[in-house]
Amino acid sequence: MAVKDRIYIKDLEIIAYHGVLKAEKELGQRFFISLEIQTDFREAGKNDDLTKTISYAEVCDDIEKIFLTAKYNLIEKCAEEIAEFLLEKYSRISELKVKIKKPWAPIRKAIDHVAVEIVRKRHKAYISLGSNIGDKEKNLNMVLEEIKKISGTQIKKVSGFLITKPFGYTEQDDFLNAAAELETLLMPEELLKELLAVEQKLGRVREIKWGPRLIDLDILIFDDEVIDEENLTIPHPWMSERMFVLEPFAEIAPNVVHPLSRKRIRELKNELEKNI
């Protein structure tokens, strides 16, 4: 079970220049920023080792720099900038809550303050990759390089490349398939948008269902999310029926649990092998 230790920073006061009104950006006003950082400092606590935790003094310096670098209309934007910067800088942060209070909000009402609060975290996503046009190995390697460029996203594992027979429309060349584990700060819809942009950049044209593809990217599982939207279904609705998905997936993450069937990926692979 993952350790969920926390570091708290409460009401760091900064005079800054955020707001919709011109006067707010010119005169400035008080803001109070609070953080709740979820991490694991068990090793730091056992060994009294600063390098195994997160320095709250350094975090406060970071927040001040971020808060004073630009002038935003919305404190919502300020919160997003803080969360994104800290999650990208500190790999030890697994989840982050940011609260920004604005006591001098110009709303002509007697209030103590207005505030926004956001929670952002690292997500784990598994994707499938496939190609059956041109230099397939080169295509998959190009895709992986493009995915590395997606903001807030890292590739943690990649399976071996697997040669598979085409599915559905069989009058086409064999595929080269793989699976990858991603760590990302993006939400599922944002990740899908980025992956579609990679497909488009590399020249995919969608003409025939299950037809030849220069590159094909699909989100298989995203945390424990279950999503059924017009343009996005997670977990992938047909992954349990496709060996070219399950075999590379099981290679990198055999014990990941399917959010709906509650079966491990290796179990789904073994069941499908028996039915082929």
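This section reports on the structure supplied with the text. Keep in mind it's a predicted model, so treat the numbers as computed, not measured. (Residues numbered from 1 in each chain as written. Predicted model: local features only at pLDDT ≥ 70, side-chain atom pairs only at ≥ 80, totals over all residues. Heavy atoms only, no water.)

## Brief notes about helix α3 (residues 56–69)
This is how the line gets drawn: Runs of E in the DSSP output that reach at least two residues are strands. Runs of H or I that reach at least four are helices, and both are numbered from the N terminus. One less than the number of residues in a helix, times 1.5 Å, gives the span that helix is expected to have. Relative accessibility under 20% of the residue-type maximum defines a buried residue, over 50% an exposed one, and the middle range a partly exposed one, all with a 1.4 Å probe and only protein chains included. The arc in question is traced by the directions running from the helix axis to the C-beta atoms.
Spanning 14 residues, α3 covers 20 Å between terminal C-alpha atoms, matching the ideal 20 Å at 1.5 Å per step. Here α3 has its buried residues at V59, D62, I63, I66 and F67. The arc that holds every buried residue of α3, seen down its axis, measures 125°, which confines them to one face. Along α3, exposed side chains directed more than 90 degrees from the buried face belong to K65 and T69.

## Notes on unusual backbone geometry
With an omega of 0°, the peptide bond between I234 and P235 qualifies as cis. Its place among the elements puts P235 in the loop between β11 (233–234) and α7 (243–252). If you check the backbone angles, D48 has positive phi at about 55° while not being a glycine. Note on placement: D48 falls in the loop between α2 (42–47) and α3. A relative accessible area of 74% means that D48 is categorised as exposed.

## Side note on the state of the cysteines
Condition: Pairs of cysteine sulfur atoms within 2.5 Å are what we label disulfides.
By the definition in use, this model includes 0 disulfides. Free of any disulfide, C60 has its nearest cysteine sulfur in C78, 16 Å distant. Its relative accessible area of 2% is what places C78 among the buried residues.

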